[in-house]
Amino acid sequence: MPDLPIYLDNAATTRCDPRVVEEMLPYFTETYGNAGSRNHKFGWDAEAGIDKARERAASLIGAQPKEIIFTSGSTEGNNLAIKGVAEMYSKAPAGSEKRGHIITAIHEHKAVLDPVKRLQKQGFEVTMLEPGQDGLITAEMVKDALREDTILVTIMWANNEIGTINPVPEIGKIVKAHGAIFHTDATQWVGKMPTNVDTDSIDLLTWSGHKIFGPKGIGALYVRRRKPRVRLTAQIEGGGQERGYRSGTHNVPGIVGFGKACELCAEEMDSERDRLLALRQKLESELKSRIDVCEVNGHAERRMPNMTNISFGFVEGEGLMMKIKDIACSSGSACTSASLEPSYVLKALGVGDELAHSSLRLSMGRFTTAEEIDYAINEITDAVLHLRKLSPLYDMHMEGIDISTIEWASH
Ligand SMILES: *Cc1c(COP(=O)(O)O)cnc(C)c1O
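Read on for an overview of the structure. Residue positions are counted from 1 within each chain, in the order its sequence is given. Given that the model is predicted, a residue must reach a pLDDT of at least 70 before its local features are reported, and side-chain atom pairs must reach 80 or more before they are shown or counted; all residues, however, enter totals for whole chains, interfaces and linings. With hydrogens and water set aside, each side-chain value is computed from the structure's full complement of heavy atoms.

Looking at the overall build of the protein
When its secondary structure is counted, the protein shows 13 helices and 15 strands. Computation of the radius of gyration draws on C-alpha atoms, with the globule rule given as 2.2 Å multiplied by the number of residues to the power 0.38. By the compact-globule yardstick of 22 Å for 411 residues, the protein fits well, its C-alpha radius of gyration being 23 Å. Seen through its principal axes, the protein has C-alpha atoms that stretch 80 × 55 × 40 Å. Only protein chains enter the accessibility calculation, which uses a 1.4 Å probe. A residue is then buried if its area is under 20% of the maximum for its type, exposed if over 50%, and partly exposed in between. Residues classed as buried in the protein amount to 55% of the 411 residues present. The criterion used for residue contact is that any of the two residues' heavy atoms lie within 4.5 Å. For the protein, restricting intrachain contacts to residue pairs at least 6 apart in sequence, the fraction spanning at least 24 positions comes to 73%. Residue-level accessible areas treat just the shown protein chains as cover; the underlying method is Shrake-Rupley with a 1.4 Å probe. When the accessible surface of the protein is split by element, carbon and sulfur atoms take 51% of a total near 18500 Å². As used throughout, the charge tally considers Lys and Arg to be positive and Asp and Glu to be negative, leaving His and the chain termini uncounted. By convention, the charge on Lys lies at NZ, on Arg at CZ, on Asp at CG and on Glu at CD. One way to put it: in the protein the 47 positive side-chain charges average out to a point 7 Å from where the 57 negative ones average out. Runs of H or I in DSSP of at least four residues are treated as helices and runs of E of at least two as strands, each being numbered from the N terminus.

Rendered as structure tokens:
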């Protein structure tokens, strides 16, 4: 019996690896200098810690240390990349129209969609690509959307709700051949899958510490320095840290922890990928064999090894979440101020509202064990089968009645 509750929400955040914490600790109480203090040992030591972290972060994605800008996480990284490019490469002055064209997709993370929407209000034109049922944005879709005035394409690498993997290297190649700038929110990808910004044709790449077993409140933006040299308009101004792109006193312990998290990911990536893929395959195949009307969302193969998103027909979403209280995971519902809305990502794939509500995102990580997955399989199966005993619709389905043809009496 595993310890309860079981944590299967690693796409939301991860446990900080104790080895990361250990690396960070001296930077709170011993090496506590300001890395900007250039005239004493406290400052030099803090700076040395940052330099080492920058090398580790760069090495994880095949970049040069100078190309790494430390941020507070992916939300800030995406904002800096998107707004920074738009302002720097705008084709017309602020306040006017036709400032340039931006391409993204409707099922990106809000930390991409909201900055893009703001730019749209400020006079930039935006194309929102729509995925197929498999959840993927193809290189063809991007190619067809490119225009002469396209300045930026921002397409995520792996989707945070369904784990689908966009063909980023192919998209990057097309965008770069066109002369636009290519940004990818790689928060769910980097640290888990091999990444090389050169061979993958990436100009700007965002990732975050707390999704890769590092601390919260720290992340990085990769900014290409040659072929081409990408420039950004700073979004946070002040002391000129991080090549002027991101002012503010360095979060030294956070940066050191982020660097260590990157190093551990690089070392353990291959074995972790295989281990988690086997667990994911077991989770999916067991649930599918024990439960009928149960669908894995997103492309069958092009998905991250550590997560799955499954819809269960004929169960009520909230009821399902209540029944599996010992499993910490996410549902296909998003809580807004007024109501429970079906996930906009599942909607983008054409999943109906009912089915979206009764979907689970189960995301594993470095600390997930085989025993925990076995427990989750049993718990979820029991919950779904129990709820279905209470479902008249499920009975009708079993009797062979096509629910979609029923005309419901209105009242
Ligand atoms: C978690 C996440 C973010 C936000 O990252 P923070 O570091 O929490 O700001 C952005 N994009 C994706 C794809 C994510 O999974």
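Focus on the nonpolar core
Definition of nonpolar core: a set of buried residues of the types Ala, Val, Leu, Ile, Met, Phe, Trp, Tyr and Cys, connected through side-chain atoms within 4.5 Å. In terms of nonpolar packing, the biggest core is built from 56 residues, with Ile-61, Ile-68, Trp-189, Leu-205, Trp-207 and Phe-258 touching the most fellow members. Segmentation of the chain into domains, including their bounds, is taken from an automatic or database domain assignment. Counting residues domain by domain, this core receives three or more from each of domain 1 (6-11 + 269-391) and domain 2 (18-265). Every residue in contact with Phe-258, bar those within four places of it in the chain, is listed here: Ala-57, Phe-70, Trp-207, Ser-208, Gly-209, Ile-212, Pro-215, Ile-218, Gly-219 and Ala-220. Formed by 27 residues, the second largest nonpolar core is a distinct cluster that contains Leu-279, Met-364, Ile-373 and Ala-376.

Observations regarding the sheet that holds strand E15 (residues 359-363)
In spatial order, the strands read E9-E10-E15-E12; together these four strands make up an open sheet with antiparallel pairing. Looking along the sheet, the strands with just one partner apiece sit at the ends: strand E9 (294-296) and strand E12 (330-331). By this definition, two strands are paired if DSSP reports at least two bridges between them. As paired strands, E9 and strand E10 (residues 307-312) are joined by three bridges and run antiparallel to one another. Across the sheet, residue Cys-294 finds its bridge partner in E10, namely Phe-312.

As for the environment of Ser-333
Structurally, Ser-333 can be placed in strand E13 (residues 333-335). When the C-alpha positions of Ser-333 and Glu-284 are compared, they lie 21 Å apart, and in sequence the two are 49 residues distant. With near-sequence residues (within four places) excluded, Ser-333 lies in contact with Leu-340, Glu-341, Ser-343, Ala-356 and His-357. Polar contacts, as used here, are pairs of N or O atoms within 3.5 Å; protein pairs need one atom able to donate a hydrogen and one able to accept it. Residues neighboring in sequence count only if both atoms are side-chain atoms. A distance of 2.7 Å separates polar atoms of two side chains, one belonging to Ser-333 and the other to His-357.

Focus: the pattern of salt bridges
Salt bridges are identified by distance alone: a Lys or Arg side-chain nitrogen within 4 Å of an Asp or Glu carboxyl oxygen. What the rule picks out here adds up to 25 salt bridges. Close ionic contact of Asp-9 with Arg-361 constitutes a salt bridge, the shortest N to O distance being 3.1 Å. In this pair, Asp-9 is assigned in the loop between strand E1 (6-7) and helix H1 (18-24) and Arg-361 in strand E15, connecting sequence segments 352 residues apart. Asp-198 is paired through a salt bridge with Arg-224; the nearest N and O atoms lie 3.0 Å apart. Linking Asp-198 in the loop between strand E6 (181-185) and strand E7 (204-208) with Arg-224 in the loop between strand E8 (219-223) and helix H8 (252-290), this pair joins segments that are 26 residues apart in sequence. Residues participating in the shared-partner salt-bridge network are Asp-17, Arg-19, Glu-268 and Arg-366.

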